[in-house]
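Topology and contacts: notes
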Amino acid sequence: MRRIMVMGRCGAGKSTLARVLAERLGIKAHHLDQLSFAAGWVQKPAYDWHPKLEAIVAQDHWVIDGNDSATLSMRLARADSVIFLDFGRWRCLWQVLRRISTHHGRTRPDMAPDCPERLNLPFLIYVLTWDGSPRRKNLVHLVGHEDKIIRLTSPKEVATWLEKLESSAP
């Protein structure tokens, strides 16, 4: 595992897993939210951040977390592993609400500067409805890459998988 994508519903723990993997494997984690947002939760234009992502993807070692469908094919083409956190909506909604209460008004380490955690109803609705179009788009992109995919459906499965990964390391 040298080039790893971490994807899944918001609140599944993509950024946390990316940080853990990067630390254990000794490679750098990159968060799409840090690249794609400017201060105040302003979405940057693609021409501003896609070249930066292309440069990261061209490297030999990386962990990238995020779901941006416009860059999914680029990342998939170079990834040797795709960790798909396929958690249920209620678990993820709970984790998002817990994250909001814990970090409210502060910017998390995996976010762009000056993007403080906030309660945002459209975002909560997105978390609940992710099984529709966003999940389907991701699954379509993953067709043909099944040999790279590690699908984990719960925090317990993530913990078990991480234990196996650690025990198989040289």
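Cut-off values and rules
Residues numbered from 1 in each chain as written. Predicted model: local features only at pLDDT ≥ 70, side-chain atom pairs only at ≥ 80, totals over all residues. Heavy atoms only, no water. Buried < 20%, exposed > 50% of the residue type's maximum accessible area, 1.4 Å probe, protein only. Helix = DSSP H or I, 4+ residues; strand = E, 2+ residues; numbered from the N terminus. Arc of directions from axis to C-beta. Contact = heavy atoms within 4.5 Å. Pairing = 2+ DSSP bridges. Axes fitted to C-alpha atoms, helices over the stretch in contact; angles between N-to-C directions.

Comments concerning helix H7 (residues 133-142)
Those residues of H7 that sit buried are Pro134, Asn138 and Leu142. All buried residues of H7 fall inside an arc of 75 degrees around its axis, so they share one side. Exposed side of H7, more than 90 degrees from the buried face: Arg136 and Val140 are the residues found there. Contacts made by the buried residues of H7 are with strand S1 (3-8), helix H4 (72-78), strand S6 (81-85), helix H6 (121-129) and strand S7 (149-152).

Thoughts on the sheet that holds strand S5 (residues 62-65)
Read from one edge of the open sheet, five strands run S2-S5-S1-S6-S7, paired in parallel fashion. Whereas interior strands pair on both sides, the edge strands pair on one side only; in this sheet they are strand S2 (29-31) and S7. Going from strand to strand, the sheet's axes swing by 20 degrees on average, the running direction of each strand aside. In terms of strand pairing, S1 meets S6 through five bridges, oriented parallel. When the bridges of S6 are listed, valine 6 appears paired with isoleucine 83. In this fold helix H1 (residues 14-25) packs onto S1, S2, S5 and S6, with an angle of close to 160 degrees to the strand it touches most, S1. Along the sheet face, helix H8 (residues 155-168) touches S6 and S7 and points at about 135 degrees away from the line of S7.

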